[in-house]
Amino acid sequence: MKAQVVRSHQREFHVKILESGEIVAAKALGNLLKKGETVVVGDFVTLKEVGGHFEIHGVDKRENEIFRIIVREQKKKVTAANCDALVIVSSVSKPAFKRGILDRFLVRAYQWGVQPVIVFNKMDEYDENVMDIEFEASRFKFLEIDCFEISAIDKNYKPKYLKKGRKELEQLLGGNTALFLGQSGVGKSKAINSLAGVDLKTKTVGKGGKGAHSTTWSEIIDVGPFSLIDSPGIRSFSLEDIDADELLSCFPDIVDIAVTCQFKNCKHGEKSKGCAFKELDPKDPDTKVILSRLESYLKIHEEISEKAHWEKNLS
Ligand SMILES: Nc1nc2c(ncn2[C@@H]2O[C@H](COP(=O)(O)OP(=O)(O)OP(=O)(O)O)[C@@H](O)[C@H]2O)c(=O)[nH]1
Ligand SMILES: [Mg+2]
Ligand SMILES: [Zn+2]
């Protein structure tokens with residue numbers, strides 16, 4: 001029979017039998033995990049009942065994978081599969097909003113091939129003097145990414161700055177399996193609790209505004225109208241496993257302009273001759289948006305190129 005993995009913990013799994021909706025514990029056949037293959041949350045599997053126990057006998061081809069390459073081991077580590085949407089959560093108060101981090105999560109979304117949406121959380125603590133949510137959301141207009149403003153602790157919070165809030169987010173999630181991603185402490189678990197009406201563990205943000213980890217492994221929460229996957233906050237924002245040449249394709253809004261630069265190998269820097277980004281009309285508000293995305297791109301590009309250089313020097 002067919003089932004979907006809804007929870008994984010080391011070698012133990014919980015799977016949902018598709019036909020009955022029943023959730024049962026199952027073990028994966030040893031050779032399934034030995035071949036370097038993994039069984040992860042979201043996987044559709046073939047389940048067999050053997051002597052009163054359930055065994056996972058095979059994993060279906062995945063629609064997409066949430067993964068990282070462990071550079072040192074040249075290995076791909078998959079943590080979830082078959083996600084319809086990636087909900088990137090950021091906080092507008094504590095931990096402080098960081099534009100660069102949001103852009104880094106977006107790079108991952110494009111690398112994985114999963115449609116991202118952005119949720120600005122903790123709007124009950126929003127302060128216009130600290131950040132400009134309208135500008136931050138406008139940075140994604142050329143990517144056509146939906147942005148939502150919510151408060152995970154106040155269900156009645158109505159959107160004031162963007163057009164979309166909790167109601168629209170729930171609509172978008174309808175029928176989908178969405179993976180929640182974001183820095184530790186931004187309120188992923190809290191938001192899922194609030195959307196799903198369940199009680200996942202959350203933890204108080206420490207004095208420094210740095211979130212303390214409280215989510216340790218992934219599971220799918222079946223809410224009925226939609227399914228949500230919580231994930232531990234990512235501490236390391238390193239994109240070192242992404243190729244410097246591959247990075248541009250993870251900035252679809254930048255690519256369109258970059259291909260019109262005079263020279264194919266244009267670095268898009270201050271002094272780059274014939275660079276299309278320098279031709280943009282400084283009076284056009286869209287220019288500010290594009291240049292701010294370019295800034296992120298250049299920063300990440302420099303970082304991953306340096307890394308490659310450093311590694312080359314070692315060998
Ligand atoms: N004021 C306010 N606090 C919130 C909101 N959402 C979450 N919090 C608080 O922020 C803290 C962290 O929330 P969590 O949901 O545990 O954060 P997380 O993103 O799941 O963190 P990790 O599991 O560590 O990755 C908790 O103290 C929450 O109560 C919100 O909308 N407004
Ligand atoms: Mg959490
Ligand atoms: Zn250029």
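Residues numbered from 1 in each chain as written. Chains lettered and ligands numbered in written order. Predicted model: local features only at pLDDT ≥ 70, side-chain atom pairs only at ≥ 80, totals over all residues. Heavy atoms only, no water.

What to know about the overall build of the protein chain
Using the following cut-off: Where helices and strands are cited, they refer to DSSP runs of H or I of at least four residues and of E of at least two residues respectively, numbered from the N terminus. Whether two residues are in contact is decided by their heavy atoms: any pair within 4.5 Å suffices. Only the protein chains shown count as cover for residues, with accessible areas throughout obtained via the Shrake-Rupley method and a probe of 1.4 Å.
Within the protein chain, the regular secondary structure consists of eight helices and 13 strands. For the protein chain, the share of sequence-separated contacts (at least 6 apart) that also reach a separation of at least 24 residues comes to 61%. Accessible area of the protein chain: about 17100 Å², with a carbon and sulfur share of 50%.

Quick look at the environment of Lys16
Here is the rule: Buried, partly exposed and exposed residues are distinguished by accessible area as a fraction of the type maximum, computed with a 1.4 Å probe on protein chains only: under 20%, between the cut-offs, and over 50%, respectively.
Turning to its location among the elements, Lys16 is positioned in strand 2 (residues 12-17). For Lys16, a relative accessible area of 24% corresponds to the partly exposed category. Leaving out residues up to four positions away in the same chain, Lys16 has contacts with Lys2, Ala3, Gln4, Val6, Gly21, Glu22, Ile23 and Asp222.

A word on helix 4 (residues 166-173)
Our working definition: Each direction from the helix axis to a C-beta atom contributes to the arc, which is the arc of those directions.
For helix 4, the complete set of buried residues consists of Arg166, Leu169 and Leu173. Projection of helix 4 onto a plane perpendicular to its axis shows the buried side chains occupying an angular sector of 60°, all on one side. When the buried face of helix 4 is taken as reference, the exposed residues oriented beyond 90 degrees from it are Lys167 and Gln171. The inward-facing, buried residues of helix 4 abut strand 8 (85-91), strand 9 (115-121), strand 10 (147-149), strand 11 (177-181), helix 5 (188-196) and strand 13 (227-230). Immediately downstream of helix 4, the backbone of Gly175 shows phi near 75°, a positive value.

A closer look at the confidence of the model for the protein chain
Interpreting fine coordinate detail is not advised for predicted regions of low pLDDT. The cut-off we apply is this: For every residue, the pLDDT score states the predictor's confidence, bounded by 0 at the bottom and 100 at the top.
Mean pLDDT over the protein chain stands at 87; residues scoring 70 or higher make up 88%. Per-element confidence in the protein chain ranges from a low mean pLDDT of 70 for helix 1 (residues 30-34) to a high of 98 for strand 10.

Side note on a negative patch on the surface
Put simply, the rule reads: A patch consists of residues whose relative accessible area exceeds 30% and which take part in no salt bridge; residues with like charges are grouped when within 9 Å of each other, and nonpolar side chains (Val, Leu, Ile, Met, Phe, Trp, Tyr) when within 5 Å. In what follows, salt bridge is the name for a side-chain nitrogen of Lys or Arg lying within 4 Å of a carboxyl oxygen of Asp or Glu. Positive charges come from Lys and Arg alone, negative charges from Asp and Glu alone, with His and the N- and C-terminal ends not counted. Taken as the charge location is NZ of Lys, CZ of Arg, CG of Asp or CD of Glu.
Among the surface-exposed residues, Asp127, Glu128, Asp132 and Glu134 lie close enough to one another that they form a single negatively charged patch. Inspection of the secondary structure assignment puts Glu128 in the loop between strand 9 and helix 3 (133-138). Here Glu128 falls in the exposed class, since its relative accessible area comes to 54%.

Considerations on the nonpolar core
As a rule of thumb, nonpolar side chains are buried together in soluble globular proteins. For clarity, the threshold we go by: In this text, buried Ala, Val, Leu, Ile, Met, Phe, Trp, Tyr and Cys residues form a nonpolar core when linked through side-chain atoms within 4.5 Å.
Counting 37 residues, the largest nonpolar core has Ile66, Leu86, Ile118, Phe120 and Phe140 as the members making the most contacts within it. Within the residue set of this core, elements represented by two or more residues are strand 6 (65-70), strand 7 (75-81), strand 8, helix 2 (99-112), strand 9, helix 3 and strand 11. Take this core: its biggest share by element is six residues, from helix 2. Excluding residues that lie within four positions of it along the chain, Phe140 makes contacts with Leu102, Asp103, Leu106, Ile118, Ile145, Cys147 and Arg293. Listed in part, the 20 residues of the second largest apolar core include Ala191, Ile192, Ile221 and Phe226.

Concerning the coordination of the zinc ion (ligand 3)
Test applied: Only N, O and S atoms count as donors, using a 2.8 Å cut-off from the metal and 3.2 Å for Na, K and Ca, and because water is excluded some sites may appear unfinished. Think of it this way: with four donors and all angles in the 85 to 135 degree range, the site is tetrahedral; with four or six donors, opposite ones beyond 155 degrees and the rest between 65 and 115, it is square planar or octahedral; otherwise it is irregular.
The coordination sphere of the zinc ion (ligand 3) contains the protein donors Cys261 (SG), Cys266 (SG), His268 (ND1) and Cys275 (SG), at a distance range of 2.1 to 2.5 Å. Coordination at the zinc ion (ligand 3) comes from four donor atoms whose angles at the metal span 103 to 116°, giving a geometry best classed as tetrahedral. Spacing between the donor residues of the zinc ion (ligand 3) along their common chain follows C-x4-C-x1-H-x6-C. On the accessibility criterion, Cys261 (8% relative accessible area) is buried.

Overview of the packing of aromatic side chains
Heads up, the condition is: Note on ring pairs: Phe, Tyr and Trp rings are taken, using the six-membered ring of Trp, and paired if centres are within 6.5 Å. Classes follow the plane angle, with under 30 degrees stacked, over 60 edge-to-face and the rest tilted. Geometrically, a lysine NZ or arginine CZ counts as sitting over a ring once it is within 6 Å of the ring centre and also within 35 degrees of the ring normal.
Counting across every chain of the model gives three aromatic pairs. Their ring planes at 40° and their centres at 5.9 Å tell us that Phe97 and Phe120 sit as a pair that is tilted. Taken together, the positions of Phe97 in the loop between strand 8 and helix 2 and Phe120 in strand 9 put the pair 23 residues apart, joining distant regions of the chain. What makes Phe97 buried here is its relative accessible area of 16%. A ring pair is formed by Phe251 and Tyr297, whose centres lie 5.4 Å apart and whose planes are at 75°; its orientation type is edge-to-face. On the criterion of sequence distance, the pair formed by Phe251 in the loop between helix 6 (244-247) and helix 7 (252-258) and Tyr297 in helix 8 (residues 285-314) is long-range, its members being 46 residues apart. Stacked on the ring of Phe67, the Lys or Arg Lys76 has its end atom at 4.8 Å from the ring centre. A cation over a ring is seen here: Lys288 above Phe135, with NZ or CZ 4.4 Å from the ring centre.

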